Amino acid sequence: MSFYKNVSLALIASTLSSCSITPQPIDAQSRLNIMLSDQTEIYSHQEPITQPLTFYDTLARALKYNFDHRLTMMEKVLQDSQLEVATLNMLPRLAVDAGYMGRQNELASSSTNVATGVQSLAPSTSQDTSRGVADLAFTWNLLDFGTSYFQAKQQADRILIAQERRRKVINNLVKEVLSAYWSTNIAERLLPQLIPVLTQAEEALKLSKAIGEDRLQPVVGILEYQRSLLRIIAQLKKLRADLNSAKPKLAGLINVPMNSNFVLAHPEQTPEAPVLKATPADLESMGLFFRPELREELYQERISRNEVWKELLKAMPGLTIPLSANWDSNSFLVYSTWMEASARTTFNLVNLVSAPKTWKTAETQVEVGKTRRKALSIAAVVQINIGYQQYLKALDGYQSASELSKIDQSLFKAISNNTEVDAGSELDRIYAATSALASQLEKEQSLADVYTALGNIYASIGLDPVTGIIEHVTVRALSVQLEKTLNRWYAGDLPKLPKISTTPSQGLIRG
């Protein structure tokens, strides 16, 4: 007996030890392999860049290859598959069950007379010691069907929420690409001119210090010259630092390696800043209609309403209708196969107590969603108005910078001509050249600020530059489509709101 006890204890101990789990960190070699694999896959399956990129080419590549956008598309696919699962859950249960049963001795029984307590029958059996059984059971539960139906409707709304989240990512991509593209474009065109001018300005600064030390010119004039030149040099260095960071940001947005040598298409002349024709009130209306976060809250409200219906169903009696085809190899049975059907109803009486509080909680969730949507609406209106004021500020800054650039360019030209005629001050010529370049950079940066402000407005409104599936569309075809859409926006032709129907929509009320 002790032997069997020891064996049993040993088996239990070995089973428990085999079930113990300890943390297993990923080793360094595995992490290295994953890193190398990711580095290869990140930039694979993309169309090569074979020509200078226009803004529309850049935006098209961002929409196709940016991983934030890819992630939202994958989440949409995931929600689609979960809807298929939720739809299948509405189907009745159809199960096949088969097995073998055996026992050590006969399943025998006898009977006893209730009145006398005397055994009335000899022990007998009606079942084989070993037998096979099988059944094909169809079960339909009305309560489960109703619950699965509303779960499927909730999942359908989650697909629409995933679409709205994808729209939000697209809105942000448009905003970020607008800013990064124009900053990179400025950098490619003007940074090559900046380096020699900065070198000359620093040499002029050294020369002016030498002149001041030798008292060759009035001290006040020299110091004022140095102060003005230092301010321009600091301005140029700041602009250079800002522009140098634009290309890596753009490379990340379009998903190309940071050290790639892609170039942008440069316009023959600086484009004029687009003029936004819509009023703040128009922008507010469009934002409250198109904004993806607000649409998401509408779908979330429908999900909450369907949750109310689900809780209501759980308080109802459940009706189950099983239907099965059975087989038993028991030799004592007259019929080894038979059909069986029944109907059962169950009612959880405890739900009568908990149901009112559960419904109230579900209804409160609906009201919370409505309040959250209103709060988001206020935030959207504020963001739109702030964006509009930033656009006006950027547009005014661009106009002022353009005028200043014209003056500095004319001044530099006049001083240069004067230098060629009478060999005027080299310091004045360098100062004028530095000021002219700084003004030109400021003008170009102001134009980029206008496009950035426009991108902020488009994102705060929730405008869609492209609709439909773009996975199988070429970069060039998508670029053409984006160019048509954005040119309409630049011209002031923004999407129109649908006409107000006299019959209110019941989409939200139906759930």
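What comes next concerns the included structure. (Residues numbered from 1 in each chain as written. Predicted model: local features only at pLDDT ≥ 70, side-chain atom pairs only at ≥ 80, totals over all residues. Heavy atoms only, no water.)

This part is about the overall build of the chain. Helix and strand counts for the chain come out as 13 helices and 7 strands. At 39 Å, the chain has a C-alpha radius of gyration far larger than the 24 Å of a compact globule built from 511 residues. By residue count, 36% of the 511 residues in the chain fall in the buried class. The contacts in the chain between residues at least 6 apart in sequence include a share of 82% that link residues at least 24 apart. The centroid of the 52 positive side-chain charges in the chain is displaced by 4 Å from the centroid of its 52 negative side-chain charges. (Helix = DSSP H or I, 4+ residues; strand = E, 2+ residues; numbered from the N terminus. Rg over C-alpha atoms; globule rule 2.2 N^0.38 Å. Buried < 20%, exposed > 50% of the residue type's maximum accessible area, 1.4 Å probe, protein only. Contact = heavy atoms within 4.5 Å. Lys, Arg positive; Asp, Glu negative; His and termini not counted. Charge placed at Lys NZ, Arg CZ, Asp CG, Glu CD.)

It is worth spelling out the nonpolar core at this point. In this structure, Phe55, Leu63, Leu283, Leu441, Tyr490 and Leu494 are the most contacted members of the largest nonpolar core, which totals 77 residues. Of all the secondary structure elements, the ones that give two or more residues to this core are α3 (55-65), α5 (142-213), α6 (219-244), α7 (246-254), α8 (280-290), α10 (350-422), α11 (426-461) and α12 (475-490). Here the element with the most residues in this core is α5; it accounts for 19 residues. Once you skip the residues sitting within four places of it in the chain, Phe55 turns out to touch Val177, Leu178, Tyr181, Leu486 and Tyr490. (Core = buried A, V, L, I, M, F, W, Y, C linked by side-chain atoms within 4.5 Å.)

Below, the discussion takes up the pairing of strand β1 (residues 93-102). Looking along a regular strand, one sees side chains alternate from face to face of the sheet. Little of β1 is tucked away: 1 of the 10 residues are buried. Two strands pair when backbone bridges link them, and β1 and strand β4 (residues 130-141) are joined in this way by 10 bridges, in the antiparallel orientation. Each bridged residue has a counterpart across the sheet, and for Arg93 the counterpart in β4 is Thr139. (Pairing = 2+ DSSP bridges.)

Quick look at the pattern of salt bridges now. All told, the structure shown has 18 salt bridges when counted by the stated rule. Put simply, Lys247 and Glu188 hold a salt bridge, and the shortest N to O gap is 3.8 Å. Of the two residues, Lys247 sits in helix α7 while Glu188 sits in helix α5, which places them 59 residues apart along the sequence. On the accessibility criterion, Lys247 (26% relative accessible area) is partly exposed. Salt-bridge contacts for Glu367 lead to Lys370; the nearest nitrogen and oxygen are separated by 3.8 Å. You can see Glu367 and its partner Lys370 sitting in helix α10, 3 residues apart, about one turn around the helix. Judged by its relative accessible area of 43%, Glu367 falls in the partly exposed class. (Salt bridge = Lys/Arg side-chain N within 4 Å of Asp/Glu carboxyl O.)

Attention now moves to a nonpolar patch on the surface. Side chains of Leu94, Val96, Leu136, Phe138, Leu323 and Met339 sit close together on the surface and give an oily, nonpolar patch of about 610 Å² of accessible area. Those elements that provide at least two residues to the nonpolar patch are β1 and β4. A relative accessible area of 70% places Val96 in the exposed class. (Patch = residues over 30% accessible without salt bridge, like charges linked within 9 Å, V, L, I, M, F, W, Y side chains within 5 Å. Areas by Shrake-Rupley, 256 points an atom, 1.4 Å probe, with all protein chains shown as cover.)

All right, on to the packing of aromatic side chains then. Two aromatic rings are characterised by how far apart their centres lie and by the angle between their planes. For the structure shown, the criterion picks out 10 aromatic pairs. Consider the rings of Phe150 and Trp309, whose centres lie 6.2 Å apart with planes at 5°: the pair is stacked. With Phe150 in helix α5 and Trp309 in helix α9 (residues 292-314), this pair connects stretches of sequence that are 159 residues apart. Three or more aromatic residues joined by ring pairs form one cluster here, namely Phe55, Tyr56, Tyr181, Trp182, Tyr451 and Tyr490. Its guanidinium or amino end placed over the ring of Phe67, Arg70 lies 4.5 Å from that ring's centre, counting from NZ or CZ. (Phe/Tyr/Trp six-rings, centres within 6.5 Å; stacked < 30°, edge-to-face > 60°. Lys NZ or Arg CZ within 6 Å of the ring centre and 35° of its normal.)

Here the focus is the side chain of Glu164. If you trace the backbone, Glu164 turns up in helix α5. Judged by relative accessible area, Glu164 falls into the buried class, the value being 5%. With sequence-adjacent residues up to four places away left out, Glu164 is seen in contact with Pro292, Arg295, Glu296 and Tyr299.

This part is about the packing of α8 against α9. One way to put it is that α8 packs onto α9 with a least axis distance of 6 Å and a crossing angle of 40°. Here α8 lies oblique to α9, going by the angle between them. Residues Gly287, Leu288, Phe289 and Phe290 of α8 form the contact with α9, whose participating residues are Pro292, Leu294 and Arg295. Broken down by class, the residue content of the contact of α8 with α9 amounts to 5 nonpolar, 1 polar and 1 charged. (Axes fitted to C-alpha atoms, helices over the stretch in contact; angles between N-to-C directions. Parallel < 35°, antiparallel > 145°, perpendicular 65-115°, else oblique. Nonpolar A, V, L, I, M, F, W, Y, C, P; charged D, E, K, R; others polar.)

A few words on the side chain of Arg61. Its location among the elements puts Arg61 in helix α3. Dropping the residues within four chain positions of it, Arg61 is found in contact with Gln46, Glu47, Pro48, Ile49, Leu53, Asn66, Ile254 and Val475.

Moving on, we come to the environment of Trp338. Tracing the chain through its elements places Trp338 in strand β6 (residues 337-341). Of the residues examined, Trp338 reaches a relative accessible area of 34% and is grouped as partly exposed. In this structure the C-alpha to C-alpha distance between Trp338 and Asp135, which are 203 residues apart in sequence, comes to 9.5 Å. With near-sequence residues (within four places) excluded, Trp338 lies in contact with Ser324, Ala325, Asn326, Trp327, Asp328 and Leu333.

One non-glycine residue, His45, lies in the positive phi region at around 60°. Checked against the element boundaries, His45 lands in the loop between α2 (28-42) and α3. Take His45: its relative accessible area is 78%, and that puts it in the exposed class. If you check the backbone angles, Asn255 has positive phi at about 60° while not being a glycine. Looking at the secondary structure, you find Asn255 in the loop between α7 and α8.

A rise of 1.5 Å per residue sets the reference length of α2, with its 15 residues, at 21 Å; its end C-alpha atoms lie 21 Å apart and thus fit the reference within 8%. Where α2 begins, the capping side chain belongs to Asp27, and its oxygen is found 3.1 Å from the backbone nitrogen of Gln29. (Expected span 1.5 Å × (residues − 1). Polar contact = N/O pair within 3.5 Å; in protein donor to acceptor, adjacent residues only side chain to side chain.)

None of the figures reported here should be taken as evidence of function without further support.
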